[in-house]
Amino acid sequence: GPAIPPHMKLSEEEAWACHSESVWEPLAPEAVRDAWVCCEAPGCGKWRRVPAVVAARVDQQPDAGWRCADSRDARFARCDAPQELPSDDIDERVALTNRAEEKRERKRHLDREYRIRKRARVLNERRMAALHAFEDEEDPPPPSVAAILHVIGDEEDAYVILTIAYPAPR
C-alpha cells in the first residue's frame, strides 16, 4: 500500500502543536495536514479545521463523536464561535486539495517506478559488461554457470530479478 505520510505519523499532541493558525492554500502540499470535522453537539453542526491525524481518529471511532469543545484551537473551541470558512468554501478547498494530492501521489509512484527500472537497467548493463569482459581474455576462465539474484526496490515495491549466465558455446 502507499507509504504513510509524515504528518499522519504524528501524535495528536504533536499535530496540534504544529497546527497552522490559518488555512493552507488548497493546492499547497501542506494542505493535506488539515481536515475538517463536524461538531455533533445538538444545534451546532459547524465544521472545524483540525490536524488530519485527529480527523482520522474521529473517522475510525465514530461512536466517540466530536464537538467544538474537543478542539485545541481556542478560537474555535466553542459552539458559539463562528465557522472558520463558509461550508461551500470548505467543500471547494477539500476537493482542490484532494485532486492536487492525488496528482502528487501519482507523480511519486511514477518516480518510484522510474528509479526501480533505472536500477534494473544499470544492474543489467554491469552484468553484460562483466560477461563481455571474459570474451576479450586470451585465457578465459573455465566454463561455468552463474546465477545472480537481485532484489530491487523497497518494502512497497520490490522486484526480484534472477540472472543466469551460461558460458558461450566454444
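See the structure shown above.
Now for a description of the structure that goes with this document. On a predicted model such as this, the values are computed, not experimentally measured, just so you know.

### Considering the side chain of Thr97
Locating Thr97 in the fold gives a position in helix α3 (residues 87-135). The contact partners of Thr97, leaving out residues within four places of it in the chain, are Pro26, Ala31 and Val32.

### A few points about the environment of Arg99
Inspection of the secondary structure puts Arg99 in helix α3. Residues Arg99 and Leu27 lie 72 residues apart in sequence; the distance between their C-alpha atoms is 8.5 Å.

### Quick look at the pattern of salt bridges
By the definition in use, this model includes 13 salt bridges. Between Arg75 and Asp73 there is a salt bridge, with its nearest N and O atoms 2.7 Å apart. Accessibility expressed as a relative area gives 36% for Arg75, which makes it partly exposed. Overall, the relative accessible area of 11% leaves Asp73 in the buried class. Residues Lys107 and Asp111 are paired through a salt bridge, measuring 2.8 Å at the closest nitrogen-oxygen approach. Here Asp111 and Lys107 lie together in helix α3, a separation of four residues that amounts to about one turn. The class for Asp111 is partly exposed, based on a relative accessible area of 29%. Here the residues in one salt-bridge network are Glu101, Arg104, Glu105, Arg108 and Arg112, joined through shared partners.

Thresholds, definitions, all that
Within any chain, residue numbers begin from 1 and follow the written order of that chain's sequence. It should be noted that, the model being predicted, local features are given only for residues of pLDDT at least 70 and side-chain atom pairs only at 80 or more, the latter also being counted only at that level, while totals for whole chains, interfaces and linings use all residues. The side-chain quantities take in all heavy atoms of the structure and omit both hydrogens and water. The helix and strand labels rest on DSSP assignments: H or I over at least four residues marks a helix, E over at least two residues marks a strand, and numbering proceeds from the N terminus. Any pair of residues with heavy atoms lying within 4.5 Å of one another is described as a contacting pair. Here, a salt bridge means any Lys or Arg side-chain nitrogen found within 4 Å of an Asp or Glu carboxyl oxygen. Think of it in three bands: residues with accessible area under 20% of the maximum for their type are buried, residues over 50% are exposed, and the middle band is partly exposed, with areas taken using a 1.4 Å probe on protein chains only.

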